[in-house]
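Okay, here's what each chain looks like letter by letter:
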Amino acid sequence: MTNISFPKEFAWGVATSSYQIEGAAMEDGRGESIWDRFSKTPGKVRDGTNGDVACDHYHRFREDIALMKGLGIKHYRFSVAWPRIIPGGRGKVNPPGLDFYGRLVDALLEAGIEPYVTLYHWDLPQVLQDEGGWAKRSTAEAFVEYAGVVARSLGDRVKKWITHNEPWCASMLSYQMGIHAPGLKDYRAALAASHHVLLSHGLAVPVIRAASPGAEVGITLNLTPWVPASPSDADRDAARHFDGYFNRWFLDPLFGHHYPADMIADHIAAGHLPPEGLTVVKPGDLQEIAVKCDFLGINYYNRAVVRSDKVPEAQNEPRTVFVAPEKEWTEMGWEVYPDGLREILMRVHLDYRPRKIYITENGASYSTAPGEDGRVRDEKRLSFLRDHFIAARRAMEQGAPVAGYFVWSLMDNFEWDRGYSQRFGIVWVDYKTQQRIPKDSALWYRGVIAENALSVS
Ligand code: IFM
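Model, not experiment: these values are computed from the prediction. (Residues numbered from 1 in each chain as written. Predicted model: local features only at pLDDT ≥ 70, side-chain atom pairs only at ≥ 80, totals over all residues. Heavy atoms only, no water.)

Observations concerning the nonpolar core
Judged by nonpolar contacts, the single largest core of 140 residues is most densely connected at W35, W82, W161, L345 and F389. It is helix α9 (residues 187-211) that provides the largest number of residues to this core, a total of 12 residues. Counting residues in each nonpolar core, the second largest holds 12 residues, with Y116, Y358, A403 and F424 among its members. (Core = buried A, V, L, I, M, F, W, Y, C linked by side-chain atoms within 4.5 Å. Buried < 20%, exposed > 50% of the residue type's maximum accessible area, 1.4 Å probe, protein only. Helix = DSSP H or I, 4+ residues; strand = E, 2+ residues; numbered from the N terminus.)

So, the pairing of strand β12 (residues 402-408)
In terms of burial, β12 is largely enclosed, as seven of its seven residues are buried. Where strand β11 (residues 357-362) and β12 come together, four bridges link them in parallel fashion. Across the sheet, residue N362 finds its bridge partner in β12, namely V407. A crossover connection joins β11 to the parallel β12 through helix α14 (residues 379-397); in handedness this β-α-β unit is right-handed. (Pairing = 2+ DSSP bridges. Right-handed = clockwise from strand over helix to strand, strands pointing away.)

Points about the packing of helix α10 (residues 233-254) against helix α11 (residues 261-269)
Remark: α10 packs on α11, axes separated minimally by 10 Å, with the N-to-C direction vectors making an angle of 115 degrees. Overall, the two elements α10 and α11 adopt an arrangement that is roughly perpendicular. When you trace α10 past α11, the crossing you get is left-handed. Where α10 abuts α11, its residues R240, H241, G244, Y245, R248 and W249 lie against D262, M263, I264, D266 and H267. Its residues placed into classes, the contact of α10 with α11 shows four nonpolar, three polar and four charged. (Axes fitted to C-alpha atoms, helices over the stretch in contact; angles between N-to-C directions. Parallel < 35°, antiparallel > 145°, perpendicular 65-115°, else oblique. Left-handed = near helix turned anticlockwise from the far one by under 90°. Contact = heavy atoms within 4.5 Å. Nonpolar A, V, L, I, M, F, W, Y, C, P; charged D, E, K, R; others polar.)

Observations concerning the UniProt feature "active site" (unreviewed entry) in the protein chain
In this numbering, the UniProt entry assigns the feature "active site" (unreviewed entry) to E166 and E361. These annotated residues cover 196 residues of sequence, but their C-alpha atoms sit close together, with the largest distance between any two at 10.4 Å. Looking at where E166 falls in the secondary structure, it is placed in the loop between β5 (160-165) and α8 (167-176). Relative accessible area serves as the criterion here: at 6%, E166 is assigned to the buried category. Residues contacting E166, with those up to four places away along its chain left out, are W122, T220, N222, N299, Y301 and E361. On the secondary structure map, E361 appears in strand β11. Residue class for E361 comes out buried when judged on its relative accessible area of 4%. Leaving out residues up to four positions away in the same chain, E361 has contacts with A15, R77, H121, N165, E166, I298, N299, Y300, Y301, F406 and W408. Engagement of the side chain of E361 in a polar contact is seen with the side chain of R77, the distance being 3.1 Å. (UniProt positions renumbered as here; feature names shortened; annotations may be inferred. Polar contact = N/O pair within 3.5 Å; in protein donor to acceptor, adjacent residues only side chain to side chain.)

Spelled out as structure tokens, the structure:
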């Protein structure tokens, strides 16, 4: 047995998001979000479900906090639902919405759990989408207003802020591929959306800092390491393009570079941008986006094996292949590839030098159900997490400044376009009774946190 230990202050946590767990979609003045509208549009969510009730966390948050406390979890990342705070997108604030998060934060602090608040995890007020959503610059301005309202309300108690979760999903998956709300397939709108999401981050950071003295502020990206499917020039070029599309498009401007020139050229050539390029970028925007942050959040799930042949449904992006026949896959159809976490951490550390990195999400979908004795023996998730923790530790030994690890997710929840068919939780949720059962992975995680170490045979 080898013992792999972590630094003393390492932040072990779990993550969730508002629309995926809260429910209470029509309560206490909450406005409609793009996910309410999208999930109720036939054919958009595979099992026809929505987040109206989800895990009913809005009413059960005290029970959920007690559960976390029992597992020894001391760091909790959750998101705030913009339509609960400002149902009309901008302007009038809804006090009961702010009160809910105030009660949540107080209860967390009382339980000795530090809150990490994400301001945007995809539930845009529908009224803003009706005006064009993130494709419009005015949404970035509305976000800054909303961020200020939340930071002024919670900023005395919350000292870790994440502006956005996964800008690639909020823009490309949602406006280009049409898989997430608002379900558009408009490449130009998607590229404009990506810029406005990043701009809103840059503009919000000083506002949050002013309202929450001493706080750490950052942004979370979903990053994917990649490899060409073959050494052919075509596959290597497709891999370059994939990296630009998925990773560099967001990392470069956040770390003080322009949008990648090769990608602007690719997009002009493909007709995704006019010959003048990304015209939504106004003077000063890139300086705003490159505001110095205290940390970068990285969400890691899998790698991309990239080949050059095109698939029409991906709107002519190079084809990413997750097939590695001898390897294991999760139920999302994602390859289990722990070393990819080390690879992406090292790449970000060496190429961009963030001050600090939190792994703000990592986890796996396996539907293992309770046995007759009520126990959930989710060995696959347990070994998935163990192998990824080891990969993160290796990156730390190689110099990556990783300060914490948030398992996705605390509990099974609404997995967007896949509805409730995918279970990422370390806690089982029975959606009929709302009973929670910590799975074997949660009990094992409790031991890791207690020891601040892993035992590996
Ligand atoms: O459930 C999502 C989460 O909302 C964002 N990151 C990826 C997770 C799994 O798909």
